[in-house]
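Topology and contacts: notes
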Amino acid sequence: QVQLVESGGGLVQAGGSLRLSCVASGRTFDTVGWFRQAPGKGRDFVAAITWSGDTTPYADSVKGRFTISRDNAKNTVYLQMMSLKLEDTAVYYCAASRVTLATSGVYFDSWGQGTQVTVSS
């Protein structure tokens, strides 16, 4: 099992930026992903990154605005979010998978507790 702890959420105005962090510990894993869940909706894929960091799929809704990166020395994955929109408001979850390039939640078997991101007008 991998332990994941997210941080960096908060309240930000539309057009602003936030950087989320996810610190991982425990067994090894291949892919780390970010997902989000808005009130009353399902959990959606946002972005993922492989161990090497050379492959980073994104959801269409965040392409060009969000950037995922990782620092393996610190066992930390980041999600830099820019040009935030009201519809980005959600609880953001970090998750780990042993499947390379996983983007579906069913392939992620370790999840963090989530961090709230609220974008205001």
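Above this text is the structure in question.
Here is a short report on the structure shown in this document. This one's a predicted model, so the numbers in the text were calculated from it and none came from an experiment.

**Quick word on the pattern of salt bridges**
A complete count under the given rule lists 4 salt bridges for this structure. The salt bridge involving K63 is made with D60; its shortest N-O contact spans 3.1 Å. Take K63: its relative accessible area is 49%, and that puts it in the partly exposed class. For R65, the salt bridge is made with D88, and the minimal N-O distance between the two is 2.7 Å. One end of the pair, R65, is in the loop between β5 (43–50) and β6 (66–71); the other, D88, is in the loop between β7 (76–81) and β8 (90–97), and 23 residues separate them in sequence. On the basis of relative accessible area, R65 is assigned to the buried category, the value being 11%. Through salt bridges with shared partners, a single network forms among R36, R65 and D88.

**Thoughts on the packing of aromatic side chains**
This structure, assessed with the given rule, holds 4 aromatic pairs. Aromatic pair F35 and F108: ring centres 5.0 Å apart, planes at 80°, arrangement edge-to-face. Within this pair, whereas F35 is found in strand β4 (residues 31–37), its partner F108 is found in the loop between β8 and β9 (110–111), the two being separated by 73 residues in sequence. Taking relative accessible area as the criterion, F108 reaches 5% and is therefore assigned buried. When the centroid spacing of 4.9 Å and the interplanar angle of 55° are considered together, the rings of F35 and W111 count as tilted. One end of the pair, F35, is in strand β4; the other, W111, is in strand β9, and 76 residues separate them in sequence. For F35, a relative accessible area of 2% corresponds to the buried category. Three or more aromatic residues joined by ring pairs make a cluster, and in this case those are F35, F45, F108 and W111.

Conventions we followed
- Residues numbered from 1 in each chain as written.
- Predicted model: local features only at pLDDT ≥ 70, side-chain atom pairs only at ≥ 80, totals over all residues.
- Heavy atoms only, no water.
- Salt bridge = Lys/Arg side-chain N within 4 Å of Asp/Glu carboxyl O.
- Buried < 20%, exposed > 50% of the residue type's maximum accessible area, 1.4 Å probe, protein only.
- Helix = DSSP H or I, 4+ residues; strand = E, 2+ residues; numbered from the N terminus.
- Phe/Tyr/Trp six-rings, centres within 6.5 Å; stacked < 30°, edge-to-face > 60°.

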